[in-house]
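Chains, contacts and geometry: an overview
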Amino acid sequence: MANGQWFPADWPDRIRALADGTLEPVTPKRAATVMLLRDTADGPLVHMLRRRASMAFAGGAYAYPGGGVDPRDDDRNVRWAGPTRAWWAERLGVDEAGAQAIVCAAVRETYEEAGVLLAGPTPDSVVGDTTGAGWEADRAALVARETSFAEFLDRRGLVLRSDLLGAWTRWITPEFEQRRYDTWFFVAALPEGQRTRNASTEADRTVWIRPADAAASYDKGELLMMPPTIATLRQLVPCGTAAEALAAAPARDLTPVLARARVEDGEVVLSWPGHDEFTRHVPTGGAPA
């Protein structure tokens with residue numbers, strides 16, 4: 001493998017099945033993921049986790065904290081600060097309930113998987129420390145879906161800080177994949193006083209790394225990543241600070257990126273519009289090139 005692009009062994013067969021009409025695409029589930037940034041003298045670092053090799057989806061690949069929307073993430077009782085739900089609905093291209101659910105999923109999953117909480121006791125503050133037995137019990141209850149995010153915020157007297165998020169891009173898992181997600185990627189700065197930790201049962205390692213260094217390691221085949229991960233890393237490289245990334249977010253295009261598969265000259269061609277580096281050619285009966 002020339003680089004670290006994640007490419008499952010069953011993709012060629014599934015791509016051919018999709019091309020000949022024998023594969024029915026699975027409806028993608030909505031999800032959110034957050035590129036958490038921390039400033040240093042050498043530029044911002046991004047927080048990444050490595051998915052356990054045993055994971056059915058993208059095992060061994062580096063990714064950001066994130067996950068699927070909880071049906072209760074659109075609870076209208078969620079304490080909210082920042083741009084309105086209507087503003088987020090227009091930005092994300094969904095209705096208001098969907099917008100709240102996606103933003104809540106981004107904040108909730110970051111807390112569940114990294115121990116970082118983008119919320120505070122007032123609309124202009126953020127909690128400074130989320131460590132300790134009480135916080136861990138709350139986090140575990142969220143992971144187990146024993147409590148909703150709205151209930152957690154209410155009991156803690158906290159307000160979700162939607163203004164600390166910047167919507168960056170949107171990718172939809174290819175139609176030939178068994179597990180499909182419609183994922184919104186966000187950027188956020190690590191709140192002062194908080195620190196990340198590996199709180200995810202799906203990850204065996206976490207790192208803070210410069211986007212340029214992570215991209216270089218991918219290019220060398222040292223770090224395994226899915227296309228949206230390496231694509232977003234490359235997009236972050238020009239940002240000199242976390243604030244620059246957040247400032248750039250509102251102008252970014254959120255048109256969904258969806259892979260296309262077509263049969264051409266006896267082979268299946270897999271491509272992601274606007275991202276030529278991920279194009280793969282799959283000969284009949286052969287492996288991707």
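The present account deals with the structure reproduced in this document. (Residues numbered from 1 in each chain as written. Predicted model: local features only at pLDDT ≥ 70, side-chain atom pairs only at ≥ 80, totals over all residues. Heavy atoms only, no water.)

For the protein, the count of helices and strands is eight helices and 14 strands. What you see for the protein is a C-alpha radius of gyration of 19 Å, in line with the 19 Å of a compact globule of 289 residues. For the C-alpha atoms alone, the extent of the protein along its principal axes is close to 60 × 40 × 35 Å. Looking at the protein as a whole, 53% of its 289 residues are labelled buried. Intrachain contacts of the protein at a sequence separation of at least 6 include 70% that bridge at least 24 residues. Of the accessible surface of the protein, which amounts to about 12,500 Å², a share of 49% is contributed by carbon and sulfur atoms. In the protein, the 32 positive side-chain charges and the 40 negative ones have mean positions that sit 3 Å from each other. (Helix = DSSP H or I, 4+ residues; strand = E, 2+ residues; numbered from the N terminus. Rg over C-alpha atoms; globule rule 2.2 N^0.38 Å. Buried < 20%, exposed > 50% of the residue type's maximum accessible area, 1.4 Å probe, protein only. Contact = heavy atoms within 4.5 Å. Areas by Shrake-Rupley, 256 points an atom, 1.4 Å probe, with all protein chains shown as cover. Lys, Arg positive; Asp, Glu negative; His and termini not counted. Charge placed at Lys NZ, Arg CZ, Asp CG, Glu CD.)

This brings us to helix 4 (residues 133–143). Those residues of helix 4 lying buried are Trp135, Asp138, Arg139, Ala141 and Leu142. Mapping the buried residues of helix 4 onto a view down its axis gives an arc of 160 degrees, with all of them on the same face. Taken together, the buried residues of helix 4 touch helix 3 (96–114) and helix 5 (149–156). Just downstream of helix 4, Arg145 is the residue with a positive phi angle, here 60 degrees. (Arc of directions from axis to C-beta.)

A positive phi angle, near 60 degrees, is found at Arg145, a position not held by glycine. The exposure class assigned to Arg145 is partly exposed, which follows from its relative accessible area of 32%.

On to the pairing of strand 1 (residues 29–38). Of all the ten residues making up strand 1, seven are buried; the element is thus mostly covered by neighbouring parts of the structure. Here strand 1 pairs with strand 9 (residues 181–189) via nine bridges, running parallel. Across the sheet, Arg30 pairs through a bridge with Asp182, a residue of strand 9. Sheet topology note: the strand 1/strand 4 (residues 66–68) ladder contains three bridges and is antiparallel. (Pairing = 2+ DSSP bridges.)

Quick look at helix 1 (residues 11–19) now. Helix 1 sits mainly inside the fold: seven of its nine residues count as buried. Within helix 1, the full set of buried residues consists of Trp11, Pro12, Arg14, Ile15, Arg16, Ala17 and Leu18. Where the residues of helix 1 are buried, they touch strand 12 (260–264), strand 13 (267–272) and strand 14 (275–283). Count one or two residues on from helix 1 and you reach Gly21, which has phi positive near 85 degrees.

On to the sheet that holds strand 12, then. Pairing in this open sheet of three strands is antiparallel, and the strands run 12-13-14 from one edge to the other. With partners counted over all chains shown, the strands left at the sheet margins are strand 12 and strand 14, one partner each. Each strand of the sheet is rotated relative to its neighbour by a mean of 20 degrees, with strand direction disregarded. Alignment of strand 13 against strand 14, held across five bridges, turns out to be antiparallel. Within strand 14, the position partnered with Val268 by the bridge is Val282. Running over the sheet, helix 1 touches strand 12, strand 13 and strand 14 and is turned about 95 degrees from strand 13. (Axes fitted to C-alpha atoms, helices over the stretch in contact; angles between N-to-C directions.)

Here we come to the pairing of strand 2 (residues 45–51). Counted residue by residue, strand 2 has six buried out of seven residues, so it is predominantly covered. The pairing of strand 1 with strand 2 spans two bridges and is antiparallel. Looking at strand 2, one finds that Arg38 is bridged to Leu45. Connecting strand 1 to the antiparallel partner strand 2 that follows it, the hairpin turn spans six residues, and Gly43 within it adopts a positive phi of roughly 105 degrees. Summarising the sheet, strand 2 and strand 3 (residues 62–63) pair through two bridges and their orientation is antiparallel. Among the inter-strand pairings, Leu49 is bridged to a residue of strand 3, identified as Ala63.

By themselves these figures say nothing about function.
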